Amino acid sequence: MAMQPDADCQLCPRLVAHRQVLRAREPGWFNTPVPAFGDEQGWLAIVGLAPGERGANRTGRPFTGDASGELLYRTLSDLGLSSGSYGGTVDDGLTLNGALIVNAVRCLPPANKPDSAEIHQCRPFLKEQLRGMPHLKVVLALGQVAHQSALKALGGKLPKHPFGHGAVHRLHTGYTLVDSYHCSRYNQNTGRLTGEMFREAVKAAIAARA
(Lines give C-alpha, C1' and ligand atoms only; values in the text may rest on other atoms or scores of the structure.)
Protein backbone atom coordinates (compact mmCIF):
# COMPACT_ATOMS: atom_id res chain seq x y z
CA MET A 1 0.00 0.00 0.00
CA ALA A 2 1.32 3.43 -0.98
CA MET A 3 1.03 6.47 1.29
CA GLN A 4 -0.99 8.32 -1.36
CA PRO A 5 -3.84 7.14 -3.61
CA ASP A 6 -3.23 7.70 -7.29
CA ALA A 7 -4.82 10.67 -9.06
CA ASP A 8 -7.73 8.60 -10.34
CA CYS A 9 -8.23 6.34 -7.32
CA GLN A 10 -11.38 4.25 -7.87
CA LEU A 11 -11.85 2.81 -4.38
CA CYS A 12 -14.90 4.88 -3.44
CA PRO A 13 -17.54 5.11 -6.21
CA ARG A 14 -19.43 8.01 -4.62
CA LEU A 15 -16.26 10.08 -4.28
CA VAL A 16 -15.17 9.20 -7.81
CA ALA A 17 -18.50 10.44 -9.17
CA HIS A 18 -18.26 13.63 -7.13
CA ARG A 19 -14.70 14.18 -8.35
CA GLN A 20 -15.85 13.84 -11.97
CA VAL A 21 -18.59 16.40 -11.45
CA LEU A 22 -16.12 18.87 -9.94
CA ARG A 23 -13.56 18.28 -12.68
CA ALA A 24 -16.18 19.17 -15.29
CA ARG A 25 -17.47 22.18 -13.36
CA GLU A 26 -14.12 23.53 -12.11
CA PRO A 27 -11.36 22.27 -14.44
CA GLY A 28 -8.81 24.63 -12.91
CA TRP A 29 -9.13 23.12 -9.43
CA PHE A 30 -6.94 20.33 -8.04
CA ASN A 31 -9.85 17.81 -7.94
CA THR A 32 -7.57 14.88 -7.04
CA PRO A 33 -6.80 12.99 -3.80
CA VAL A 34 -4.96 15.56 -1.69
CA PRO A 35 -1.49 14.52 -0.48
CA ALA A 36 -0.06 15.21 2.95
CA PHE A 37 1.82 18.46 3.52
CA GLY A 38 4.76 19.13 5.77
CA ASP A 39 7.73 17.42 7.35
CA GLU A 40 7.74 13.64 6.92
CA GLN A 41 10.68 13.51 9.35
CA GLY A 42 8.61 15.36 11.95
CA TRP A 43 7.49 14.26 15.39
CA LEU A 44 3.89 15.54 15.01
CA ALA A 45 1.14 14.54 12.60
CA ILE A 46 -2.09 16.53 12.40
CA VAL A 47 -5.01 14.52 11.04
CA GLY A 48 -8.04 16.27 9.58
CA LEU A 49 -11.27 14.87 8.18
CA ALA A 50 -11.23 15.41 4.40
CA PRO A 51 -10.49 18.14 1.84
CA GLY A 52 -12.86 21.10 1.80
CA GLU A 53 -14.46 21.91 -1.53
CA ARG A 54 -13.01 25.41 -1.83
CA GLY A 55 -10.04 24.63 0.37
CA ALA A 56 -7.78 21.66 -0.27
CA ASN A 57 -9.85 20.24 -3.13
CA ARG A 58 -9.36 23.54 -4.95
CA THR A 59 -5.75 24.26 -4.03
CA GLY A 60 -4.24 20.80 -3.55
CA ARG A 61 -2.83 21.40 -0.05
CA PRO A 62 -4.53 20.40 3.22
CA PHE A 63 -6.37 23.24 4.99
CA THR A 64 -5.35 25.75 2.35
CA GLY A 65 -7.79 28.32 1.00
CA ASP A 66 -10.56 28.26 3.59
CA ALA A 67 -11.37 29.48 7.11
CA SER A 68 -10.20 26.30 8.84
CA GLY A 69 -6.73 26.78 7.39
CA GLU A 70 -6.51 30.35 8.62
CA LEU A 71 -6.92 29.24 12.23
CA LEU A 72 -4.77 26.13 11.88
CA TYR A 73 -1.80 27.76 10.21
CA ARG A 74 -1.93 30.88 12.38
CA THR A 75 -1.77 28.70 15.48
CA LEU A 76 1.08 26.60 14.12
CA SER A 77 3.00 29.79 13.32
CA ASP A 78 2.39 31.25 16.77
CA LEU A 79 3.71 28.08 18.40
CA GLY A 80 6.82 27.74 16.24
CA LEU A 81 5.65 24.85 14.08
CA SER A 82 5.88 26.67 10.75
CA SER A 83 8.04 29.09 8.85
CA GLY A 84 6.97 31.70 6.33
CA SER A 85 3.52 33.21 6.01
CA TYR A 86 0.27 31.44 5.21
CA GLY A 87 -1.28 33.04 2.13
CA GLY A 88 -3.98 30.52 1.29
CA THR A 89 -2.20 29.25 -1.83
CA VAL A 90 0.24 26.39 -2.44
CA ASP A 91 2.94 28.82 -3.59
CA ASP A 92 2.88 31.04 -0.49
CA GLY A 93 6.22 29.64 0.68
CA LEU A 94 4.87 28.21 3.94
CA THR A 95 6.80 25.28 5.43
CA LEU A 96 6.12 23.20 8.53
CA ASN A 97 8.71 22.53 11.23
CA GLY A 98 8.50 19.05 12.72
CA ALA A 99 4.88 18.58 11.69
CA LEU A 100 2.91 16.99 8.87
CA ILE A 101 -0.78 17.49 8.00
CA VAL A 102 -2.86 14.76 6.39
CA ASN A 103 -6.58 13.98 6.10
CA ALA A 104 -8.30 10.77 7.14
CA VAL A 105 -10.04 10.80 3.75
CA ARG A 106 -8.01 12.14 0.82
CA CYS A 107 -10.88 12.97 -1.56
CA LEU A 108 -13.61 15.58 -1.29
CA PRO A 109 -16.87 14.02 -0.01
CA PRO A 110 -20.28 15.47 -0.86
CA ALA A 111 -21.43 17.90 1.84
CA ASN A 112 -18.04 17.41 3.55
CA LYS A 113 -19.29 14.12 5.02
CA PRO A 114 -17.50 10.89 4.10
CA ASP A 115 -19.41 7.73 4.87
CA SER A 116 -18.05 4.89 6.99
CA ALA A 117 -17.05 2.78 3.98
CA GLU A 118 -15.03 5.66 2.52
CA ILE A 119 -13.27 6.29 5.82
CA HIS A 120 -12.43 2.58 6.00
CA GLN A 121 -11.19 2.45 2.41
CA CYS A 122 -8.83 5.38 2.94
CA ARG A 123 -7.47 4.28 6.32
CA PRO A 124 -4.64 2.13 4.89
CA PHE A 125 -3.21 5.26 3.24
CA LEU A 126 -3.33 7.06 6.59
CA LYS A 127 -1.74 4.10 8.34
CA GLU A 128 1.12 3.97 5.85
CA GLN A 129 1.61 7.73 6.10
CA LEU A 130 1.82 7.70 9.88
CA ARG A 131 3.83 4.51 10.18
CA GLY A 132 6.20 5.87 7.53
CA MET A 133 7.21 8.80 9.74
CA PRO A 134 10.33 7.51 11.53
CA HIS A 135 10.29 10.13 14.29
CA LEU A 136 6.53 10.35 14.87
CA LYS A 137 5.59 10.66 18.54
CA VAL A 138 2.31 12.60 18.68
CA VAL A 139 -0.82 12.77 16.52
CA LEU A 140 -3.28 15.64 16.86
CA ALA A 141 -6.72 14.54 15.65
CA LEU A 142 -9.12 17.25 14.48
CA GLY A 143 -12.60 15.94 15.18
CA GLN A 144 -14.11 12.60 16.11
CA VAL A 145 -13.76 10.92 12.70
CA ALA A 146 -10.07 11.86 12.54
CA HIS A 147 -9.67 10.59 16.11
CA GLN A 148 -11.20 7.23 15.30
CA SER A 149 -9.28 6.77 12.07
CA ALA A 150 -5.94 7.86 13.53
CA LEU A 151 -6.45 5.70 16.62
CA LYS A 152 -7.07 2.62 14.49
CA ALA A 153 -4.14 3.47 12.20
CA LEU A 154 -1.87 3.70 15.25
CA GLY A 155 -3.05 0.37 16.67
CA GLY A 156 -5.19 1.74 19.50
CA LYS A 157 -8.61 0.54 20.69
CA LEU A 158 -11.66 2.82 20.53
CA PRO A 159 -13.43 1.80 23.76
CA LYS A 160 -10.32 2.62 25.78
CA HIS A 161 -9.78 5.99 24.14
CA PRO A 162 -13.00 7.99 23.56
CA PHE A 163 -12.81 11.31 21.74
CA GLY A 164 -12.82 14.47 23.82
CA HIS A 165 -11.53 17.94 23.09
CA GLY A 166 -8.18 18.34 24.81
CA ALA A 167 -7.96 14.66 25.73
CA VAL A 168 -4.48 13.09 25.70
CA HIS A 169 -4.32 9.36 24.98
CA ARG A 170 -1.11 7.43 25.65
CA LEU A 171 -1.32 4.39 23.41
CA HIS A 172 0.27 1.03 24.12
CA THR A 173 1.92 1.21 20.70
CA GLY A 174 4.10 4.09 21.91
CA TYR A 175 2.30 6.98 20.24
CA THR A 176 0.32 9.75 21.93
CA LEU A 177 -2.98 10.89 20.44
CA VAL A 178 -4.32 14.34 21.32
CA ASP A 179 -7.87 15.43 20.42
CA SER A 180 -9.31 18.74 19.29
CA TYR A 181 -12.59 19.80 17.83
CA HIS A 182 -12.15 20.37 14.13
CA CYS A 183 -11.16 23.93 13.24
CA SER A 184 -13.99 24.24 10.70
CA ARG A 185 -15.77 27.48 9.96
CA TYR A 186 -18.95 25.98 11.46
CA ASN A 187 -17.26 25.13 14.77
CA GLN A 188 -15.67 28.57 14.91
CA ASN A 189 -18.87 30.41 14.05
CA THR A 190 -20.94 28.50 16.61
CA GLY A 191 -18.35 28.97 19.34
CA ARG A 192 -17.81 25.25 19.79
CA LEU A 193 -14.14 25.90 19.13
CA THR A 194 -12.46 29.19 19.95
CA GLY A 195 -8.98 30.23 18.92
CA GLU A 196 -7.79 29.85 22.49
CA MET A 197 -9.29 26.35 22.79
CA PHE A 198 -7.51 25.31 19.64
CA ARG A 199 -4.26 26.85 20.77
CA GLU A 200 -4.46 24.91 24.03
CA ALA A 201 -5.01 21.64 22.15
CA VAL A 202 -1.94 22.25 20.00
CA LYS A 203 0.04 23.17 23.12
CA ALA A 204 -1.08 19.87 24.67
CA ALA A 205 0.29 18.05 21.64
CA ILE A 206 3.61 19.88 22.03
CA ALA A 207 3.73 19.02 25.73
CA ALA A 208 2.99 15.37 24.95
CA ARG A 209 6.20 15.13 22.92
CA ALA A 210 8.28 15.00 26.08
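As a reminder, the structure under discussion sits directly above these lines.
A brief look at the structure comes next. (Residues numbered from 1 in each chain as written. Predicted model: local features only at pLDDT ≥ 70, side-chain atom pairs only at ≥ 80, totals over all residues. Heavy atoms only, no water.)

Now for the layout of surface pockets. In this model, the largest pocket occupies a volume close to 500 Å³. Along the wall of the largest pocket there are 22 residues; nearest its centre are Leu49, Gly52, Asn112, His182 and Ser184. Those elements that provide at least two residues to the lining of the largest pocket are helix H3 (67-78) and helix H6 (185-190). Across the lining of the largest pocket, the residue classes tally to 10 nonpolar, 7 polar and 5 charged. (1 Å grid on protein atoms, 1.4 Å probe; cavity = no way out; pocket = protein on both sides within 12 Å on 5 of 7 lines; lining within 4 Å. Points joined across faces, edges and corners; volume = space filled by probe spheres on them. Helix = DSSP H or I, 4+ residues; strand = E, 2+ residues; numbered from the N terminus. Nonpolar A, V, L, I, M, F, W, Y, C, P; charged D, E, K, R; others polar.)

Let us now look at the packing of aromatic side chains. By the definition in use, this model includes 3 aromatic pairs. The interplanar angle of 55° and the centroid separation of 6.1 Å between the aromatic rings of Phe163 and Tyr181 together place this pair among those described as tilted. A residue pair is termed long-range when its members are at least 10 positions apart, and Phe163 in the loop between helix H5 (144-153) and strand S7 (168-170) and Tyr181 in the loop between strand S8 (176-180) and H6 qualify at 18 residues. On the basis of relative accessible area, Phe163 is assigned to the partly exposed category, the value being 21%. Grouped by ring-pair contacts, the aromatic residues Phe37, Tyr73 and Tyr86 constitute a single cluster. One residue, Arg61, lies across the ring of Tyr73, its end atom 5.6 Å from the ring centre. The residue whose ring lies beneath Arg192 is Tyr181, and the NZ or CZ to ring-centre distance is 4.2 Å. (Phe/Tyr/Trp six-rings, centres within 6.5 Å; stacked < 30°, edge-to-face > 60°. Buried < 20%, exposed > 50% of the residue type's maximum accessible area, 1.4 Å probe, protein only. Lys NZ or Arg CZ within 6 Å of the ring centre and 35° of its normal.)

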